[in-house]
Amino acid sequence: MTRTVLSALLSFWRRNPLQLITLLAGLALGTALWSGVQAINAEARASYDAAAESLGQGRFDRLGLRGDDGMPQATYIALRRAGWAVSPVVEGDYHGIRLVGIDPLTAPGGLGPVAPQTGDLAAFVSGPGQIFGRAEVLQALPDSGMERVLAPDMAPNTAMTDIGLAQRLLNRDGRIDYLLVSPDQPLTRRPLADVAPDLILTAAEDATDVARLTDSFHLNLTAFGLLSFAVGLFIVHGAIGLAFEQRRPMLRSLRALGVPLWHLMAAMAAELVLLALVAGALGVLAGYGVAAALLPDVAATLRGLYGAEVSGQLALRPAWWLSGLAMAVAGTGVAAAGALWSLSRLPLLAGAHPRAWAMGANRRGQAALAMVLLTASFGFAIWGTGLLAGFALLGSLLIGGALALPPLLSAVLRLAETRARRPVAQWFWADTRQQLPGLSLALMALLLAMAANVGVSTMVSSFRLTFTGFLDQRLASELYVRAESPEQVAAIERVAAVHADALLPILSQQQTIAGEPAEVYGARDHATYRDNWQFLEAVPQVWDRLAAGEGLLINEQLFRRARLDLGAMVTVTPDLRLPVLGIYGDYGNPVGQVIVTETLFRQTFPDVAPTRFGLRVAPDRTVALRSALSADAGLAPESMTDQAAIKALSLSVFDRTFTVTTALNILTLAVAAFAMLMSLLTLAAMRLPQLAPIWALGLTRRRLAGLDLIRAVVLAALTALLALPLGLALAWALLAVVNVEAFGWRLPMFLFPADYLRLGALALLAAGFAALWPAWRLSRLAPTQLLGVFRHER
Amino acid sequence: MNVKALLLCLFLPLPALAQGFAGLGSEAEGFSIPQPDRALRFPADHGAHPEYRIEWWYLTANMTGPDGAPYGLQWTLFRSALAPRDGTGWQTPQLWMGHAAVTTQDAHFVAERLARGGIGQAGVRASPFAAWIDDWAMEGPTLDRLRLTASGTEFAYDVTLQATGPLVLHGQNGYSVKSAAGQASHYYSQPFFNLTGTLTLPSGDVTVSGQAWLDREWSSQPLAADQTGWDWFSLSFDTGEKLMGFVLRGDSNYTSATWINATGTPTAFSDGAFSATPLTRHAVAGRQVPTTWRVTLPERGLDVTVTALNPNAWMATSVPYWEGPVIVEGSHTGRGYLEMTGYDD
């Protein structure tokens, strides 16, 4: 019997392939975007783990020199001979690959590819040596005589070798970049201040914790994936609900033929699971494609924004595709719950009226829920804190907005209907309103996609505008140079005295401030800063007071994370405690920043010598300055960067950051347009009983088709109008809540009416296109079919 | 004591070990081989011999605290060469390993250090004498007067050593045969150190005094194929006489011993004269290790029972073994040190 029941149920899909396609495609698309995002996140996390595992990132305390030029090897030996259990690391760029050199004999527990007890230590430390890396890294390395050893667990774009070899390859003989401090230290060791006073100990948790920094970025991606999945579920819900209503007669017949209710329900559930698995598999496949296409951009973003190395290659992880399938099945379950519930309460003798579905009985409940959610979103906006509250705000806003759409549209249509005088117009509005329930899911999907598009594009464009302005004020110097040695610094100073208007040293030092990782900068009192810098908040005469050493400036990230307002005292070092004079925007920087005067900086950190400088010069003299620096100070071309190049680089990092967001946005819009097309197609077949009388009254098929087309565009236009405020609310939430929580900066919101108009036009066009085919079919409908409606009239 | 080669070679690649020492490959070529006619020269021979594969500076001490409690101490520096040359820089093929331990009746503290040669982190200088790895050091103007320091996460010591007797050459003028097939090493000792100093233990500092014994040995040759481990004894009797004796365990055991009279004159005993028989075994680190022995040297009327002060003196280092102070009772009484390797689980 089971087979008979199942084949009866499945026969429906055979007769309605379009609905089957809608169901499968909706679910597959939703699953694809969701699992694509998950794949990207999983890949990134695996990369962070590999980095932590193979490089000890974040696991061990570090000792390093101020500045980034590393320490002489003698310092390392002196520390070992004073009892410090430290292990040296050399790190650098070798043909585009991050080459890490370690000493396996002193590396703290489990670090590196060979352990003294297990690995082939002799081959690693002597002879031609070995280099460990992933396949693509080994391939990219030039042949330098070493044995290449495949290590799939190694961090992406990273190769590891013995420290001696690394020093040679990186041309850093006798230099060490930093020391890893073993957690097990001997009982007696001399104080650091006696042995190497210039070294700074960075606690393990303060060392760049990539996973923590990038958490918010991944949460953003996840939210987008979830949004796409939700849009997909709208489609699935519509398709299943429709299929259920259309199968009412069949279900009633089956029940009447003696199929027990539970049996019927089990068969229907099995059918849905089958469909979910098929669609899920398709979705996971497509998701792999999405992830593979987007991953290089994501990897570029993470590298640019956080310096995190993420593999650009995708691995197929069982946990990932299983969770994709599970999401598809669970989503189908959610979408089908209503239909199964109705089935369980199906009266045996109920009339078979599929149109009843289209009337949507619980519109009042929907409106009430929408009100609740929108009210809740206000609550989250006002009282919520933390990234989760931010996303709760987004979620309640979007879902509340979507649920509010049908009642609002219905009200607008009712209004239009009362205003209409001519009979055709009256019929048009009434018919539109009557079709609304059948179309509302597609329209909700459209609303969500458009609102997301408006919101995200407003956020990105506002950000870009702010960021460009920020770069202009921040990158005021025409030329930036880096010195290799103290002699070169002196030479640069000599050249600058002749050829440049001003030389601004860039002094910086890593420091933990108010419990947050931060950088301290020393600024020379110069008009460059006074003319260009803008503050979010500042005391009057901020530059004069800064120059007088009365206080310091902090960036917005530090202001928000450590809650340091104007006037708050900041402890830079135990000896340097100053109030905040100003707060400046610092976009694109993950960590906090403090600026003090050059004098104070040099007093506090006497060992930090500037190696980077900004040079002010009239733009037409930049070329002359460059050649003078190259000829007289011996600066290599790669040690000099002009302002334009840095700006271009910064903007390209910025643009890459949002490539993924934009791509996901467009995909979501495509899913919504597809939902619209499918709804119209299914409705078209069901509407014949309504159209036939109108046709019989004298409206031509062509006229009817035209009206259908107009209807679709009108509905889309109304939806677009409602999407605009929702989108702007979304943009506000992203800029003022989510960005602040995720990145630590709040951005001013700009409006881009031209963009919104273009998007609206796009939506109308999409709706028009979606309606074109059904309308064309209507215009070509054989009159016999319309006549048939009267013949079959029940 | 050439068998300590095994210990050091474990420090080398395991795959190579599995193939037997010949499997060490071409790098083995070129190492100097101990020769019976090579006369030892001092102080030069206190320094390192990079042309030999393996070498150690091995010091053990039996001490007493102010309350009469017995203590043991170990300080060892191993050198292992991947190729028979020295030099400077990370690529120098000399590896160094340090082991330090303090043993009390109910506790045993161990520490280990590893270092590359050629960068100054570890090394040995003959004169003025200095052997060091990290902050551990054994140094002084001559080998007769030394300061010895080491530290681990739970313990540290800082003691001075004063020699009261001559150097003792083992075997044939310091040429010590290790198997019937003729494997050998260069081997001498300074068994006459008086020690005073301080042990830093979790319970606090302890002022100690006692006697120490330094072993110096270098070789390039492996054990015979059938030899699986060794039991090595250095015993100091209350009469002022001393005994170094070892058993190399194999298909048939190989023994060797040196009897040292109170003035430091050695008498070498070849295979079979010395015997050591396990009496009881003790479970430590998942192995059964004999910690009570019957030791005999009939030609000197020696028949004693040697008992570990602390049977749990297990060296949980990258190459694990047992090493600890012992108490001697029977025909002679005294103290000493016992080392046992090759007791695999």
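Please refer to the structure higher up on the page.
Here we summarise the structure given alongside this text. For clarity, every value in this text was computed on a predicted model and none was experimentally measured. (Residues numbered from 1 in each chain as written. Chains lettered and ligands numbered in written order. Predicted model: local features only at pLDDT ≥ 70, side-chain atom pairs only at ≥ 80, totals over all residues. Heavy atoms only, no water.)

**Some words on the overall build of chain A**
Phase 1: A count of helical and extended segments in chain A gives 26 helices and 20 strands.
Phase 2: In chain A, once contacts between residues fewer than 6 apart in sequence are set aside, the share between residues at least 24 apart is 79%.
Phase 3: Entry remark: accessible area of chain A is about 33,900 Å², with carbon and sulfur atoms responsible for 62%. (Helix = DSSP H or I, 4+ residues; strand = E, 2+ residues; numbered from the N terminus. Contact = heavy atoms within 4.5 Å. Areas by Shrake-Rupley, 256 points an atom, 1.4 Å probe, with all protein chains shown as cover.)

**Considering the pattern of salt bridges**
Phase 1: Applying the stated criterion across every chain yields a total of 28 salt bridges over all chains.
Phase 2: Arg433(A) serves as the salt-bridge partner of Glu417(A), at 3.1 Å between the closest nitrogen and oxygen. Of this pair, Glu417(A) sits in helix 14 (residues 387-419) while Arg433(A) sits in helix 15 (residues 423-474); the two residues are 16 residues apart in sequence, bridging distant segments of the chain.
Phase 3: For Arg433(A), a relative accessible area of 23% translates into the label partly exposed.
Phase 4: The partner of Arg524(A) in a salt bridge is Glu598(A), with the nearest N and O atoms 2.6 Å apart. With Arg524(A) in the loop between strand 13 (516-523) and helix 17 (527-532) and Glu598(A) in helix 20 (residues 598-604), the pair connects residues that are 74 residues apart, well separated along the chain.
Phase 5: On the basis of relative accessible area, Glu598(A) is assigned to the buried category, the value being 12%.
Phase 6: Through salt bridges with shared partners, one network takes in Arg80(A), Arg113(B), Asp134(B) and Asp135(B). (Salt bridge = Lys/Arg side-chain N within 4 Å of Asp/Glu carboxyl O. Buried < 20%, exposed > 50% of the residue type's maximum accessible area, 1.4 Å probe, protein only.)

**Some words on the sheet that holds strand 9 (residues 178-181) of chain A**
Hydrogen bonds along the backbone pair up the strands of a sheet, which may run parallel or antiparallel.
Residue and element names in this part refer to chain A.
Phase 1: Pairing is mixed in the open sheet, where 8 strands are placed in the order 6-5-7-4-3-9-1-10. Since the sheet does not close on itself, it has two edges, and those belong to strand 6 (147-150) and strand 10 (199-202), each with one partner. Pairwise comparison of adjacent strand axes, ignoring direction, gives a mean angle of 30° for this sheet.
Phase 2: Here strand 1 (residues 61-65) runs beside strand 10; their pairing, made up of 4 bridges, is antiparallel. Paired with Arg-62 across the two strands is Thr-202, which belongs to strand 10.
Phase 3: Running at roughly 160° to strand 3 (residues 86-94), helix 3 (residues 73-81) makes contact with strand 1, strand 3, strand 9 and strand 10 of the sheet. (Pairing = 2+ DSSP bridges. Axes fitted to C-alpha atoms, helices over the stretch in contact; angles between N-to-C directions.)

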